[in-house]
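Below, each chain spelled out in residue letters.
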Amino acid sequence: MRGAILAGGAASRFGGKPKGLEHVGGERILDRVTRSMQAALGELPLLIANAEDAGTWLEGLTVVQDVIPDCGTMSGLYTAVTQHESPVFIMAWDMPFITTELIETVAGGANGYDVFLPASTGPQEMEPLCGVYRPACAKAIRKSMEDEDYRATGFHELVNAGTLPIAEVEKFGKPDTLFFNVNSPMDLKRAEELWRSLHE
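An account of the accompanying structure is given in this report. (Residues numbered from 1 in each chain as written. Predicted model: local features only at pLDDT ≥ 70, side-chain atom pairs only at ≥ 80, totals over all residues. Heavy atoms only, no water.)

### Here's the deal with the nonpolar core
By size, the foremost hydrophobic cluster in this structure holds 63 residues, and its most contacted members are Leu77, Phe89, Tyr133, Ile141 and Phe155. With six residues, the single largest contributor to this core is helix H1 (residues 29-41). Not counting the four nearest positions on each side in its chain, Ile141 is found in contact with Met74, Leu77, Tyr78, Val81 and Phe155. (Core = buried A, V, L, I, M, F, W, Y, C linked by side-chain atoms within 4.5 Å. Buried < 20%, exposed > 50% of the residue type's maximum accessible area, 1.4 Å probe, protein only. Helix = DSSP H or I, 4+ residues; strand = E, 2+ residues; numbered from the N terminus. Contact = heavy atoms within 4.5 Å.)

Set out below in structure tokens:
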């Protein structure tokens, strides 16, 4: 199984700054996510990013630009699943609290599913940017984009989708913390507070 980190988006709430390059607990979020994915999957992930300087963000990462741009998260998902013939574990680059153990568990439970995501306590009740996607998703994702349905889970009815139960997710921490993503300066401040509370 390959890995891919999604670093798309205009980061409008962050003043256009690359939010994954911000620090939490003295370390860049991108470095944290990369380390966790490499430990779980055994190799460095791809970096799906459109910024011109993305190749300078972290040595060793192969950067791939969106195959079909301007479709939000769906652009990143489609690009990631079309890069290889093997399943891909896709992660957002702004989640500083994802653990290697959770990635391993989600990856290990994906057999038989085209997309396999951990349950969450968020409005979607699952986390679409921390899961396994097989190449079979490509056609369904592309159809959603052509239909201008840019919901990250909108194509699930066209594929075999599965979910890691919330009780399993909670073995690795509180879902609200595990899937906390940094979208704004206020989120970054909150992430730092969370990091300190976990390491006191």
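### Thoughts on the layout of surface pockets
Roughly 280 Å³ of volume is contained in the second largest pocket. Taken together, 17 residues form the lining of the second largest pocket, with Pro96, Phe97, Thr99, Leu198 and His199 sitting closest to its centre. Those elements giving two or more residues to the lining of the second largest pocket turn out to be H1, helix H6 (175-178) and helix H7 (185-198). Looking at which element gives the most residues to the lining of the second largest pocket, the answer is H7, with four residues. A class-by-class count of the residues in the lining of the second largest pocket yields seven nonpolar, seven polar and three charged. (1 Å grid on protein atoms, 1.4 Å probe; cavity = no way out; pocket = protein on both sides within 12 Å on 5 of 7 lines; lining within 4 Å. Points joined across faces, edges and corners; volume = space filled by probe spheres on them. Nonpolar A, V, L, I, M, F, W, Y, C, P; charged D, E, K, R; others polar.)

### Quick word on the pattern of salt bridges
Tallying each qualifying case throughout the model produces eleven salt bridges. The partner of Lys19 in a salt bridge is Asp94, with the nearest N and O atoms 3.0 Å apart. Taken together, the positions of Lys19 in the loop between strand S1 (2-6) and strand S2 (23-24) and Asp94 in the loop between strand S6 (88-92) and helix H3 (100-108) put the pair 75 residues apart, joining distant regions of the chain. Residue class for Lys19 comes out buried when judged on its relative accessible area of 12%. On the basis of relative accessible area, Asp94 is assigned to the buried category, the value being 5%. Among the ionic pairs, Asp147 bridges to Lys143, the shortest N-O distance being 2.7 Å. Residue Asp147 is classed as partly exposed on the basis of its relative accessible area of 47%. Given the relative accessible area of 42%, Lys143 is considered partly exposed. Each of Glu27, Arg32 and Arg35 takes part in one network of salt bridges that share partners. (Salt bridge = Lys/Arg side-chain N within 4 Å of Asp/Glu carboxyl O.)

### Let's talk about the environment of Thr121
Looking at the element boundaries, Thr121 is found in the loop between strand S7 (115-118) and strand S8 (130-133). Considering only alpha carbons, one finds Thr121 and Ala191, 70 residues apart in sequence, at a separation of 18 Å. With sequence-adjacent residues up to four places away left out, Thr121 is seen in contact with Ile166, Pro175 and Asp176. A distance of 2.4 Å separates polar atoms of two side chains, one belonging to Thr121 and the other to Asp176. (Polar contact = N/O pair within 3.5 Å; in protein donor to acceptor, adjacent residues only side chain to side chain.)

### Looking at the pairing of S8
Of the two faces of S8, both are covered, the one formed by Cys130 and Val132 as well as the one formed by Gly131 and Tyr133. As defined by bridge partners, S6 adjoins S8 across four bridges and the pair is classed as antiparallel. Along S8, the bridge assignment pairs Val88 with Tyr133. Alignment of S7 against S8, held across two bridges, turns out to be antiparallel. Its bridge partner being in S8, Val115 is matched across the sheet by Tyr133. (Pairing = 2+ DSSP bridges.)

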